[in-house]
Amino acid sequence: MPASVLPLAVVIPTYNRRAILERTLDALGDQSRRDFRIVVVDDGSTDGTWEWLEMRAVTALHPSLSIVRQANRGQGQARNHGVRQVGEALVLFLGDDVIPCREFVAEHLAAHARLGAGEARLA
């Protein structure tokens, strides 16, 4: 399947790290490919992260931004909660403090297309 039609969701768990999350989301918004969705799971932040995410989600178009919130249960549970929100064929997990280069998503999708990994699905 060509990379251009592989649906991708980037799942990012976060907890009280708005400043670095903002940099991460800015970098994702500046990707050379924008045909993907970002899912941020707020793990019960108390520093205004959730309120900021609500405002940001309203204006995010390409890539789109979906946000969900859960009581603080840790990064692993936040990732699991994020995966349950995803209907895309591919999921890319990213830390809230990982600032991706501009070709990050394009290279990830190209690798899936080249290796045929886009056809594999978990049951």
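Above this text you will find the structure in question.
Since the structure is predicted, the reported quantities are computational estimates derived from the model, not experimental observations. (Residues numbered from 1 in each chain as written. Predicted model: local features only at pLDDT ≥ 70, side-chain atom pairs only at ≥ 80, totals over all residues. Heavy atoms only, no water.)

A. Spotlight on the packing of helix α1 (residues 18-29) against helix α2 (residues 49-59). Where α1 contacts α2, the two axes come as close as 10 Å, and the packing angle between them is 25°. Viewed along their axes, α1 and α2 adopt a mutual orientation that is roughly parallel. The handedness of the crossing between α1 and α2 comes out as right-handed. On α2, the residues that touch Arg18, Leu21, Glu22, Leu25 and Asp26 of α1 are Thr49, Trp52, Leu53 and Arg56. Taken together, the residues of the contact of α1 with α2 break down into 4 nonpolar, 1 polar and 4 charged. (Axes fitted to C-alpha atoms, helices over the stretch in contact; angles between N-to-C directions. Helix = DSSP H or I, 4+ residues; strand = E, 2+ residues; numbered from the N terminus. Parallel < 35°, antiparallel > 145°, perpendicular 65-115°, else oblique. Left-handed = near helix turned anticlockwise from the far one by under 90°. Contact = heavy atoms within 4.5 Å. Nonpolar A, V, L, I, M, F, W, Y, C, P; charged D, E, K, R; others polar.)

B. Main features of unusual backbone geometry. Non-glycine residue Asn16 carries a positive phi angle of around 55°. Here Asn16 shows up in the loop between β1 (8-14) and α1.

C. Local environment of the pattern of salt bridges. One pass over the full model with this rule turns up 8 salt bridges. Among the ionic pairs, Asp35 bridges to Arg33, the shortest N-O distance being 2.6 Å. Its relative accessible area of 18% is what places Arg33 among the buried residues. A salt bridge links Arg37 to Glu88, with the nearest nitrogen and oxygen atoms 2.8 Å apart. Note that Arg37 is positioned in strand β2 (residues 37-42) and Glu88 in the loop between α3 (75-84) and β4 (90-93), a separation of 51 residues in sequence. What you see here is one network of salt bridges that share partners, running through Arg17, Asp96 and Asp97. (Salt bridge = Lys/Arg side-chain N within 4 Å of Asp/Glu carboxyl O. Buried < 20%, exposed > 50% of the residue type's maximum accessible area, 1.4 Å probe, protein only.)

D. Highlighting the sheet that holds β1. As summarised here, the arrangement of the 4 strands in space is β3-β2-β1-β4, forming an open sheet in which the pairing is parallel. Two strands lie at the open edges of the sheet, namely β3 (64-69) and β4, each paired on one side alone. Across the sheet, the mean angle separating the axes of adjacent strands is 25° when strand polarity is ignored. Pairing of β2 with β3, which is carried by 6 bridges, proceeds in the parallel orientation. Paired with Asp42 across the two strands is Arg69, which belongs to β3. This element, α1, spans β1, β2 and β3 of the sheet and lies at about 170° to β1. (Pairing = 2+ DSSP bridges.)

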